[in-house]
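# Coordinates in review
Here is what each chain is made of, one letter per residue.
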Amino acid sequence: MRADQSQFERLKPAAIRLGAAFQKVNFLRDIREDFEQLGRTYFPGTTISEMNAEAKQQIELDIESDLAEAYKGIVQLPKDARFGVYLAYRYYKKLLIEIKKVPSSQLLKQRIRVADSRKALLWASSYARHQFNLVWEPCFMIVESIDNVVLVDESDNDVGVMEKLEAHQLGLLHRAFS
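Residues numbered from 1 in each chain as written. Predicted model: local features only at pLDDT ≥ 70, side-chain atom pairs only at ≥ 80, totals over all residues. Heavy atoms only, no water.

Looking now at the confidence of the model for the protein. On average, the protein scores 84 in pLDDT, and the residues at 70 or more come to 90%. Note that residues 138-145 has pLDDT below 50 and, in this model, 15 contacts with residues that lie over four places away or in other chains. (pLDDT = per-residue confidence, 0-100. Contact = heavy atoms within 4.5 Å.)

The next subject is the packing of helix H1 (residues 5-29) against helix H3 (residues 53-74). Across the interface, H1 lies against H3 with an axial gap of 7 Å and an inter-helix angle of 145°. Both H1 and H3 take part in a crossing whose hand is left-handed. Contacts between H1 and H3 pair Leu 11, Ala 14, Arg 17, Leu 18, Ala 20, Ala 21, Lys 24, Val 25 and Leu 28 from the former with Ile 59, Glu 60, Asp 62, Ile 63, Ser 65, Asp 66, Leu 67, Glu 69, Ala 70, Gly 73 and Ile 74 from the latter. Each residue belonging to the contact of H1 with H3 can be placed in one class, and the counts come to twelve nonpolar, two polar and six charged. (Axes fitted to C-alpha atoms, helices over the stretch in contact; angles between N-to-C directions. Helix = DSSP H or I, 4+ residues; strand = E, 2+ residues; numbered from the N terminus. Left-handed = near helix turned anticlockwise from the far one by under 90°. Nonpolar A, V, L, I, M, F, W, Y, C, P; charged D, E, K, R; others polar.)

Bringing the packing of H1 against helix H4 (residues 79-101) into the picture now. Packed helix pairs are characterised by how far apart their axes lie and by the angle those axes make with each other. Look at H1 against H4: their axes get within 10 Å of each other, and the N-to-C directions meet at 35°. The way H1 lies across H4 gives a crossing that is left-handed. Taken together, the residues of H4 that come into contact with H1 (itself represented by Leu 18, Phe 22, Val 25, Asn 26, Leu 28 and Arg 29) are Val 85, Ala 88, Tyr 89, Tyr 91, Tyr 92, Leu 95, Leu 96 and Ile 99. Classifying every residue of the contact of H1 with H4 by side-chain character gives twelve nonpolar, one polar and one charged.

If you walk through the whole model with that rule in mind, you get nine aromatic pairs. For the ring pair Tyr 86 and Tyr 89, a centre distance of 6.3 Å and an interplane angle of 20° mean the geometry is stacked. Of this pair, Tyr 86 and Tyr 89 both sit in helix H4, three residues apart, which is roughly one turn of the helix. Across the pair, Tyr 89 and Tyr 86 agree in class, each one buried. Ring centres of Trp 123 and Tyr 127 lie 5.3 Å apart, and the angle between their planes is 5°; this geometry places the pair in the stacked category. Taken together, the residues Trp 123 and Tyr 127, both in helix H6 (residues 116-131) and four residues apart, mark about one turn of the helix. Ring pairs connect the aromatic residues Phe 22, Tyr 91 and Tyr 92, which therefore count as one cluster. (Phe/Tyr/Trp six-rings, centres within 6.5 Å; stacked < 30°, edge-to-face > 60°. Buried < 20%, exposed > 50% of the residue type's maximum accessible area, 1.4 Å probe, protein only.)

In this fold, Phe 35 is placed in helix H2 (residues 31-38). Non-local contacts of Phe 35, meaning those with residues more than four positions away in its chain, are made with Arg 40, Thr 41 and Ile 48.

Attention now moves to the nonpolar core. Among the nonpolar cores identified, the biggest contains 33 residues, and Leu 28 and Ile 63 are the most heavily contacted of them. Dropping the residues within four chain positions of it, Ile 63 is found in contact with Ala 21, Lys 24, Val 25, Leu 28 and Leu 96. (Core = buried A, V, L, I, M, F, W, Y, C linked by side-chain atoms within 4.5 Å.)

Next up on the list: the side chain of Lys 56. Its location among the elements puts Lys 56 in helix H3. Polar side-chain contacts of Lys 56 include one of 2.5 Å to the side chain of Glu 60. Setting aside residues up to four positions removed in sequence, Lys 56 forms contacts with Met 51, Ile 99, Lys 100, Val 102, Pro 103, Ser 104 and Leu 107. (Polar contact = N/O pair within 3.5 Å; in protein donor to acceptor, adjacent residues only side chain to side chain.)

With that settled, consider the pattern of salt bridges. Applying the stated criterion to the full structure yields 14 salt bridges. Glu 60 serves as the salt-bridge partner of Lys 56, at 2.5 Å between the closest nitrogen and oxygen. Residue Lys 56 and its partner Glu 60 are located together in helix H3, separated by four residues, close to a single helical turn. Connected through shared salt-bridge partners, Arg 17, Lys 24, Asp 62 and Asp 66 make up one network. (Salt bridge = Lys/Arg side-chain N within 4 Å of Asp/Glu carboxyl O.)

Helix length check: H4 (23 residues) gives 33 Å between terminal C-alpha atoms against 33 Å at 1.5 Å per residue, within 8%. For H4, the complete set of buried residues consists of Arg 82, Phe 83, Tyr 86, Tyr 89, Arg 90, Tyr 92, Lys 93, Lys 94, Leu 95, Leu 96, Glu 98 and Ile 99. (Expected span 1.5 Å × (residues − 1).)

Moving on, we get to the side chain of Asp 66. Note on placement: Asp 66 falls in helix H3. Asp 66 gets classed as buried once you look at its relative accessible area, which sits at 3%. Ignoring anything within four residues of it in the chain, the contact list for Asp 66 reads Arg 17, Ala 20, Ala 21 and Lys 24.

This is how it looks when you write it as structure tokens:
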């Protein structure tokens, strides 16, 4: 990423949350194999015998929180650095959606995956959104609000949405509405 140190530091927490979300999705998806083949469980306080609906839901909520914070950083990435990160974000978000559809007992029996045809569709739609600066995820996390502003780049291209106060605190370019 071609950026200055202040941009790196500003985006670092979001990048850490994105990496955490990716790891947790992988751990949840591979819970059976990790336990059977490696004798490992990666969620503190949750053993494989304690992986019930409540424990699974708590892990899913934690992942959703990580993804929500990570998204705030993705929309601030320079366009030339954003596509791969955005595509990975959308893939893992879709994988989490698939995991959420199955009961905890099913996770212990089969590995959940995203169909290849769906992966191709994710790539195509992510590429189109990226090219047209439409990397917004309104159905996942953005609630329309008077407190939100549209983030823009130096050429006034839309790059995302953020709470007005946060955009001001971070010194981000945005459109003003009155």
